[in-house]
Structures are given as structure tokens and as C-alpha cells.
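Examining the three-dimensional arrangement
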Amino acid sequence: MKNIMFIAPPAAGKGTQAKKVAESYGIPHISSGDVLREMSQEDSELGHSIAEKLATGKFIEDNILYQLIENRLKREDCKNGYILDGFPRNLSQAIEYDKILNSLGYEVGTVILIHINEETLEKRITGRRTCESCHAIYNIHEENNSPKVESICDNCGGKLYQRTDDNVDSFKNRLKAYKESTEPIIQYYREKNVLHEINGEDTVDNVFKQVKTILDNEN
Ligand code: AP5
Ligand code: MG
């Protein structure tokens, strides 16, 4: 299976779709945000500095990401493909990612850009709840997507929490960072002829149908 990467603004549905892809195709889901949120729990200088940046919606330093991604991609379970969500996030990261791929003998694979309106994003941000154990994603404003029991994960019984960056101020910073730093990588992948575009303004299942059509054609 080709490797997969999602590019999309905050709260567009990268994590939601990546989890469905991982489940359907039996490949690991690598979310840079999930790994950083775990690192932010550590009682160390690094942990505290990551926590502070996450809460305000600032990017974490590129070098931390390179180490994190390279170590993760070296693991055995990535050999048959993986889905990357949240990395690369700027042009330097995209260029470094190519070097990492080269060193591992991997290819970038399929890149999927999710198009979505800003008003939708803001609504999704405030309703999101995340499982602190398995990272499952819910939305308390969406009937089809709310947990069965309030604050408890349907999957694993873990506790649901609201991310420190799921507020309007932090969201504005994240969206600005996306436009300034992440959008330029769209052209980078378009020029490589690996970019596919989908519409994120639909139900989770209908968005997944679009993803599946692309992946089934590519593999
Ligand atoms: P990250 O965790 O990647 O956050 P993000 O990019 O802001 O994206 P989100 O996780 O907020 O949204 P999503 O697209 O995954 O949407 P979701 O599926 O949850 O990164 C967090 C932070 O880490 C960054 O701000 C940065 O500080 C740092 N970081 C990470 N990677 C980095 C890097 N490479 N370099 C530097 N720093 C980095 O869905 C959102 C909500 O909508 C949910 O409630 C969901 O249930 C709902 N929903 C999803 N799809 C639908 C649908 N189709 N219909 C209705 N509701 C839906
Ligand atoms: Mg996410």
C-alpha cells in the first residue's frame, strides 16, 4: 500500500479520516499532534515548553518533529504503508521529509488535501472531545458523533477531555499558521503529481467515501 498524507486546516477532519483509513487498510496512523500532546504531559523542561506552545497554537520546533517522525517511521509496522496526519507542516519539513523517505527507501505516496470553509472549522473546534487514552475523536455538537455516555470514550472507556488548543483564540493562531506556513506545501506536492483534493463539507462517512475512492484507485 502507498503511504498516505493528509493536508488540511485545523479541525478539518484529518484525525477522524486517518483513523478510518488506518482501521480499513490495517496501517498505522501517525499523528504528530497526538505524539506532541503525549510529550507535553512529561514533567520536564521540554514537556512544559511543548505544552505552552500547543495551548497557544504555535508550531513546535522543526528538529523535534524530525526526530519524532524519523524514529516512528523506522518502526517495523510502517513497512507496508502508514498514514501521516499533521506532518509536514511547512516547506522545510516537506524537504526534510523527502530526505527521511529517501534514507528509508520509502516514497511520499498519496497526498490528500481536504477543502473546507472556515465557519465549519470554528464549529467543529468547540465541540470536539478527545479520548485521553486511545485518542478517539468525538463532537458533542454532532448527533452521530457524540459519545454514548457523556465524557466517556465508547471505544475504550477512557476519559474524554477538551484539548488546550480547542478555543477560539488558539484556533485563530492555528489557522493563521496554516495559511502562512502549511499552504505553501500544497504546491510542492502538486508539482510532484501526488496531490488529490476532496471536499470536507460532508458527513464523516461521505468524506471517507471520497478518500476510499482515491486510495482504491492508487493501490
Ligand atoms: P494537530 O493535532 O495536528 O492539530 P490540527 O492540525 O490543528 O488539527 P486538529 O487535530 O485540530 O484537527 P483534525 O483535522 O485532526 O480534525 P478532527 O478529525 O479532530 O496539531 C496540534 C498542534 O501540534 C499544532 O497546533 C502545533 O502546535 C503542533 N504540531 C503538530 N504537528 C506539527 C508539526 N509538524 N510541526 C510543528 N508543530 C506541530 O475533527 C475535528 C472535529 O470535527 C472533531 O470533533 C470531529 O469529531 C469533527 N468532525 C470531523 N469530521 C467531521 C465531519 N465530516 N462532519 C462533522 N464533524 C466532523
Ligand atoms: Mg487531529
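Presented here is an overview of the structure given in this document. (Residues numbered from 1 in each chain as written. Chains lettered and ligands numbered in written order. Predicted model: local features only at pLDDT ≥ 70, side-chain atom pairs only at ≥ 80, totals over all residues. Heavy atoms only, no water.)

Quick word on helix H2 (residues 32-39)
- Counted residue by residue, H2 has six buried out of eight residues, so it is predominantly covered.
- When H2 is considered as a whole, its buried residues turn out to be Ser32, Gly33, Asp34, Leu36, Arg37 and Met39.
- In this structure, the buried side of H2 is in contact with helix H1 (14-25), strand E2 (29-31), helix H3 (45-56), helix H4 (62-73), strand E3 (83-85) and strand E7 (160-161). (Buried < 20%, exposed > 50% of the residue type's maximum accessible area, 1.4 Å probe, protein only. Helix = DSSP H or I, 4+ residues; strand = E, 2+ residues; numbered from the N terminus. Contact = heavy atoms within 4.5 Å.)

Digging into the packing of aromatic side chains
- Tallied over the entire structure, the rule returns four aromatic pairs.
- A centroid spacing of 6.2 Å and a plane angle of 45 degrees characterise the contact between tyrosine 82 and tyrosine 106, whose relative ring orientation is tilted. Residue tyrosine 82 is found in the loop between H4 and E3, and its partner tyrosine 106 is found in the loop between helix H5 (91-104) and strand E4 (110-115); the two are separated by 24 residues along the sequence.
- Its relative accessible area of 0% is what places tyrosine 82 among the buried residues.
- Here tyrosine 106 falls in the buried class, since its relative accessible area comes to 18%.
- Look at tyrosine 188 and tyrosine 189: their rings are 5.1 Å apart centre to centre, the planes differ by 90 degrees, and that puts the pair in the edge-to-face class. Across the pair, tyrosine 189 and tyrosine 188 agree in class, each one buried.
- Taken together, Tyr66, Phe87 and Tyr97 form an aromatic cluster joined through their ring pairs. (Phe/Tyr/Trp six-rings, centres within 6.5 Å; stacked < 30°, edge-to-face > 60°.)

A short note on the sheet that holds E3
- In spatial order, the strands read E2-E3-E1-E4-E8; together these five strands make up an open sheet with parallel pairing. The open sheet has two edge strands with one neighbour each: E2 and strand E8 (195-199). Recorded for the sheet is a direction-independent mean angle of 25 degrees between the axes of neighbouring strands.
- Pairing between strand E1 (residues 4-7) and E4: four bridges, direction parallel. Bridging from a neighbouring strand, isoleucine 4 pairs with threonine 110 of E4. (Pairing = 2+ DSSP bridges. Axes fitted to C-alpha atoms, helices over the stretch in contact; angles between N-to-C directions.)

Some remarks on the pairing of strand E5 (residues 128-131)
- Residue alternation in E5 divides its side chains into two sets, Arg128 and Thr130 and Arg129 and Cys131, and both sets are buried.
- Across three bridges, the pairing between E5 and strand E6 (residues 137-139) is antiparallel. For arginine 129, the partnering residue across the bridge sits in E6 and is tyrosine 138.
- Where E5 folds back on E6, the antiparallel hairpin that results is connected by five residues, among which histidine 135 adopts a positive phi of roughly 65 degrees.
- Pairing of E5 with E7 involves two bridges; the strand directions are antiparallel. The residue of E7 that forms the bridge with threonine 130 is tyrosine 161.

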